[in-house]
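Observations on the three-dimensional arrangement
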Amino acid sequence: MTAEDLWRLGRMGASATSPDGKYVVYQVSYYSVPNNNSRTKLFIQELNGKNKRLLTKGDQRESDAAWLGNKIVFLRGGEIWSMNITGEQRQQLSHTDGKVEGFAFSPDGKKVVMLQSLPYHGTIKQTPTDLPKATGMLITDMNYRHWDHYVTEIMHPFIADVTGNSITTGTDIMAGEPFEAPVAPFGGIEQIAWSPDSKFIAYTSRKKEGVQYAISTDTDIYLYEVSSGKTTNLCKPEGYVAPQVDATKSLKHQQVNQQQGDMQVGYDTNPKFSPDGKYIAWQSMAHDGYESDLNRLCIMDCATGKKQYIVNQQNFDSNVDEYVWANDSKSLYFLGCWHACVNAYQVSLNGRVTQLSDGWFDIARLSTIANSNNLLVSRHSMLQPDDLYLLSPAKAEKKSKLTQITFENQALLSQLATPKLQQRWVNTTDGKQELVWIILPPNFDATKKYPTLLFCEGGPQSPVSQFWSYRWNFFLMASKGYVIVAPNRRGLPGFGHEWNEAVSGDWTGQCMDDYLSAIDDAANNLPFVDKERLGCVGASFGGFSVYYLAGHHNKRFKAFIAHDGAFNLESMYTDTEEVWFSNWEYDDAYWNADATEAAKKTYANSPHKFVDKWDTPILIIHGEKDYRINANQGMGAFNAARLRGIPAEMLLFPDENHWVLKPQNGILWQRTYFDWLDRWLTTNK
């Protein structure tokens, strides 16, 4: 595989099965490196895998397909369109000047929710009308930029009537509210749900602004009654008033964020009604200010308002990543990571959990199929990108079955030599074991010695599961002749809540020891690992890890690569736009005289404090539109390295955020990455 091959692969996206359970319509995105853009096309095929047809005609992007009776509805140019299953009889239904960013039709087909962005001036004042060419922004509060954009707009759900072959303009169901729904930066139509009788809409919102928005993850589920316009918060009692808090300290120490009874104060997202309308479910975290808290599955009895957590730490000690109701409303299916693989599970209403799939892969999406007990899922691994599969849940003691029904990239992948994958359990310095993936080059020869990379995961609490990445792609790295060591170090989900929690407030403790245990095990026990040619790479918290290990590796490594990593934690505290993250992870603002001992330790162990011990070439990569970890973090690390005379280069992207999304930037990223590794690891310099 080459970097160009990686960008030739079609990228499977959302899918939807027909009401009769016979067809699936799905989207695939294709990237053009010469044109530096992408196109998304829609396909349809029978669920038995036969009779695949291209629906999209021409170069227009078409996506987000759903079913409205026997017609397919989809987004094109910011409007909702419909067509029949042959791709003919196309009609534009909405007329919003291209403002629709997502949609969901009511079950009776008479109404539709459309997501649209509105002007917002709560933190950045509107430019005076007589100065139309002025570029300055008067900022009055926090949350003035988020992820990769300045916050001059927020999204709201609009409800509109469907009359014949057209959709009315629509009414804002949050009219006059200066809050967003869905929740930025990643929320979409999955945060909106219709009740089966089409009388209610449930939506997700964090109804806060400014500093309060920046320090809190308190996101709630709201129920909107279509006939009256009445809105009810399902997560808080009527009249609830949030307590006053110190914005410069972790909420975990202020005794105000712990869930109390039926009141939920952390992330509550992604509502879904049961098909019989008796229950509404959502994903729920217990603590305010903590993005990586255990994600449980809550259900509420719509008649009584009683809530219960049917997936929790007692019956599944990991996160509910995604879920869907069973057709009979008697159970739910969900995805969760355990031992570095994401599999499908089923849970009954009384909390009995059953694992449905099992293997070295990740299930990425799941949905039910009408008139069937099967599930439609998307599956990938470190060695194969996404395709669609049918998952047939086992009966009695039989094994569940996965049947592949799409083969999007088979023609290209069949021409490529495939790496090999191994799993090791490595002893840690505190007497425990960590799971480590070892990825071997294609045509691997155990008698040879290979340059080897330690991969440092981000998050800090994101799993090193069987993920497929278009940037940190292990297939490509191995194809370049490198062995990859990818540890599930302390602080990753899938090994119990205690293991996952161990990184918060201790970024430079056991998790760093776990990294070194993994690479030392490989260097000392795998004869094909060349201990004289070790590299260390990572992004986000992985980039922070690289910066820290650069001052604490005792000459293990010959090259480092850090992408979008935090370098100076004092600066990072006030640089990032989501202060709740810094508060939770660091405990305190660095200027607080009464800071906790954990906070003092965190700031004392910031990577920038150990630049005097840097002695190894380092490549630094950063995007200037990364407002989560600002580009000044990468610039500071690069400048420090050069001032000390250490070989260093910096790849700076003025137009990229925390990811690298543009095709030519992606190719440049890969070329620069491997040029650096080849320079320092293949010539024994």
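Residues numbered from 1 in each chain as written. Predicted model: local features only at pLDDT ≥ 70, side-chain atom pairs only at ≥ 80, totals over all residues. Heavy atoms only, no water.

Named according to an unreviewed UniProt entry, the chain is Peptidase S9 prolyl oligopeptidase catalytic domain-containing protein originating from Segatella oulorum F0390.

**Topic: the side chain of Ser82**
For clarity, the threshold we go by: To qualify as a helix, a DSSP run of H or I must reach at least 4 residues; to qualify as a strand, a run of E must reach at least 2; elements of each kind are numbered from the N terminus. Working rule for contacts: check all heavy atoms of both residues, and any pair within 4.5 Å makes them a contact.
Mapping Ser82 onto the fold places it in strand 7 (residues 79-83). Sequence-distant contacts of Ser82, defined by excluding residues within four places in its chain, comprise Lys71, Ile72, Val73, Phe74, Gln89, Arg90, Gln91 and Leu93.

**What to know about the sheet that holds strand 23 (residues 307-311)**
Test applied: When DSSP finds at least two bridges between two strands, those strands are taken to pair. Angular values range over 0 to 180 degrees, each being the angle between N-to-C directions of two axes fitted as lines to C-alpha atoms, with helices fitted over their stretch in contact.
What the 4 strands build is an open sheet, ordered 20-21-22-23; its pairing is antiparallel. Each edge of the open sheet carries a strand with a single partner, namely strand 20 (268-273) and strand 23. Direction aside, the axes of adjacent strands within the sheet are offset by 30° on average. Where strand 22 (residues 296-301) meets strand 23, 4 bridges bridge the pair, whose relative direction is antiparallel. Looking at strand 23, one finds that Ile299 is bridged to Gln308.

**Some points on a nonpolar patch on the surface**
We apply this condition: Residues form patches when they are more than 30% accessible in relative terms and have no salt bridge. Like charges link within 9 Å. Nonpolar side chains (Val, Leu, Ile, Met, Phe, Trp, Tyr) link within 5 Å. Each accessible area value is a Shrake-Rupley result obtained with a 1.4 Å probe; residue values ignore everything except the protein chains displayed when judging cover. A carboxyl oxygen of Asp or Glu within 4 Å of a side-chain nitrogen of Lys or Arg is what we treat as a salt bridge. Relative accessibility under 20% of the residue-type maximum defines a buried residue, over 50% an exposed one, and the middle range a partly exposed one, all with a 1.4 Å probe and only protein chains included.
On the surface, Met137, Ile139, Tyr144 and Tyr150 cluster together to form a nonpolar patch covering roughly 320 Å² of accessible area. Mapping Ile139 onto the fold places it in the loop between strand 10 (111-119) and strand 11 (145-146). Residue Ile139 is classed as partly exposed on the basis of its relative accessible area of 35%.

**Quick word on the environment of Asn165**
Operational definition: Pairs of N or O atoms within 3.5 Å make up the polar contacts considered here, provided that, within protein, one atom can donate a hydrogen while the other can accept it, and that residues adjacent in sequence are counted only when both atoms are side-chain atoms.
Among the secondary structure elements, Asn165 is positioned in the loop between strand 13 (153-163) and strand 14 (166-167). Overall, the relative accessible area of 42% leaves Asn165 in the partly exposed class. Residues Asn165 and Ala65 lie 100 residues apart in sequence; the distance between their C-alpha atoms is 17 Å. Excluding its chain neighbours within four sequence positions, the residues that come into contact with Asn165 are Lys71, Gln91, Gln92 and Leu93. At a separation of 3.4 Å, a polar atom in the side chain of Asn165 contacts the side chain of Gln91.

**What about helix 10 (residues 597-604)?**
Along an α-helix, a turn takes 3.6 residues, which lines up residues three or four apart on a common side. The line we're drawing: It is the directions from the helix axis to the C-beta atoms whose arc is reported.
Among all positions of helix 10, only Ala599, Thr602 and Tyr603 are buried. One side of helix 10 holds all its buried residues, which, seen down the axis, span an arc of 90°. For helix 10, the elements touching its buried residues are helix 8 (569-575) and helix 9 (579-586).

**Section: the pattern of salt bridges**
One pass over the full model with this rule turns up 28 salt bridges. Residues Glu62 and Arg90 are paired through a salt bridge, measuring 2.4 Å at the closest nitrogen-oxygen approach. Separated by 28 residues along the polypeptide, Glu62 in strand 5 (residues 62-68) and Arg90 in the loop between strand 7 and strand 8 (91-92) bring together distant segments of the chain. Given a relative accessible area of 0%, Glu62 falls into the buried group. Here Lys555 and Asp615 are joined by a salt bridge, their closest N and O atoms 3.0 Å apart. Here Lys555, found in the loop between helix 7 (541-550) and strand 37 (559-563), pairs with Asp615, found in the loop between helix 10 and strand 38 (618-623); they are 60 residues apart in sequence, far enough to count as distant. Judged by relative accessible area, Lys555 falls into the exposed class, the value being 60%.

**Overview of the domain arrangement of the chain**
We count it as follows: Where a domain begins and ends is set by an automatic assignment or by a domain database. By definition, the buried area sums, over both parts, the 1.4 Å-probe accessible area that each loses when the two are put together.
Partitioning the chain into structural domains gives domain 1 (1-74) and domain 2 (417-568 + 612-682). Between domain 1 and domain 2, the C-alpha centre-to-centre distance is 33 Å. Per-residue buried area on domain 1 facing domain 2 is highest for Met1, Leu6 and Trp7; these three make up 46% of the total on that side. Counting every contact that joins domain 1 to domain 2 gives 1 salt bridge. The salt bridge involving Arg671 is made with Glu4; its shortest N-O contact spans 3.0 Å. The interface formed by domain 1 and domain 2 includes 4 residue pairs in polar contact (both at pLDDT 80 or more). For the side of domain 1 that touches domain 2, the elements supplying multiple residues, two or more each, are helix 1 (3-8) and strand 2 (23-32).

**Focus on the sheet that holds strand 6 (residues 71-76)**
With antiparallel pairing, 4 strands are arranged side by side in an open sheet as 5-6-7-8. Each having just a single partner strand, strand 5 and strand 8 make up the two edges of the open sheet.

**With respect to the UniProt feature "domain: Peptidase S9 prolyl oligopeptidase catalytic" (unreviewed entry) in the chain**
Operational definition: UniProt positions are given in the numbering used here, feature names are shortened, and annotations may be inferred rather than shown by experiment.
As recorded in UniProt, the sites labelled "domain: Peptidase S9 prolyl oligopeptidase catalytic" (unreviewed entry) are residues 468-682. Secondary structure within residues 468-682 divides into 43% helix and 15% strand; the distance between the first and last C-alpha atoms comes to 26 Å.

**Considering the pairing of strand 28 (residues 362-368)**
Sheet topology places strand 28 next to strand 29 (residues 375-381); 6 bridges connect them, and they run antiparallel. Note on strand 29: the bridge partner recorded for Asp362 is His380. Between the end of strand 28 and the start of strand 29, which pair antiparallel, lie 6 residues, with Asn371 showing a positive phi angle near 60°.

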